[in-house]
Amino acid sequence: MPSMLLQVEGTIILLVSLIMFVIHIGMIIWTYTDATNNSGQPAFLWAIIVFFAPLLGIILYFLLGRTTLS
């Protein structure tokens, strides 16, 4: 019975990790596409910043990166 519980916990951890990975990739893609339209700075650099520091990168992008609000 304990091994069954470990399998369930492992599956839950795997699903949560997969969801977080998909959200992280989505944040990178969104930042890149938004920065190409709304920033005078290189979009690739903002995508790299969000890749290495997701939450801080998004906050910095909203505060410093966007030149127009749409």
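Remember, predicted model here, so these are calculated numbers, not experimental data.

Draft legend 1. Inspection of the overall build of the protein at higher detail. Helix and strand counts for the protein come out as 3 helices and 0 strands. Listed N to C, the secondary structure of the protein is α-α-α in terms of helices and strands. When contacts within the protein are restricted to residue pairs at least 6 apart in sequence, those whose partners lie at least 24 apart make up 46%. Only carbon and sulfur atoms are counted for the fraction: they give 80% of the accessible area of the protein, which is about 5300 Å².

Draft legend 2. Inspection of a nonpolar patch on the surface at higher detail. Residues Y32, F44, L45, I48, F51 and F52 make up a contiguous nonpolar surface patch of about 650 Å² in total accessible area. The element contributing the most residues to the nonpolar patch is helix α2 (residues 43-52), with 5 residues. By secondary structure assignment, the location of I48 is in helix α2. Among the residues examined, I48 registers a relative accessible area of 32% and is labelled partly exposed.

Draft legend 3. Geometry of α2. Along α2, the residues classified as buried are A43, W46, A47 and V50. One side of α2 carries all its buried residues, which in axial view fall inside an arc of 100 degrees. Pointing more than 90 degrees away from the buried face of α2 are the exposed residues F44 and F52.

Draft legend 4. Representation of the environment of P54 within the structure. For P54, the location among the structural elements is in helix α3 (residues 54-65). Taking the C-alpha atoms as reference, P54 lies 9.6 Å from I25; in sequence the two are 29 residues apart. Beyond its immediate chain neighbours, meaning those up to four positions away, P54 contacts H24 and M27.

Rules of the game
- Residues numbered from 1 in each chain as written.
- Predicted model: local features only at pLDDT ≥ 70, side-chain atom pairs only at ≥ 80, totals over all residues.
- Heavy atoms only, no water.
- Helix = DSSP H or I, 4+ residues; strand = E, 2+ residues; numbered from the N terminus.
- Contact = heavy atoms within 4.5 Å.
- Areas by Shrake-Rupley, 256 points an atom, 1.4 Å probe, with all protein chains shown as cover.
- Patch = residues over 30% accessible without salt bridge, like charges linked within 9 Å, V, L, I, M, F, W, Y side chains within 5 Å.
- Salt bridge = Lys/Arg side-chain N within 4 Å of Asp/Glu carboxyl O.
- Buried < 20%, exposed > 50% of the residue type's maximum accessible area, 1.4 Å probe, protein only.
- Arc of directions from axis to C-beta.

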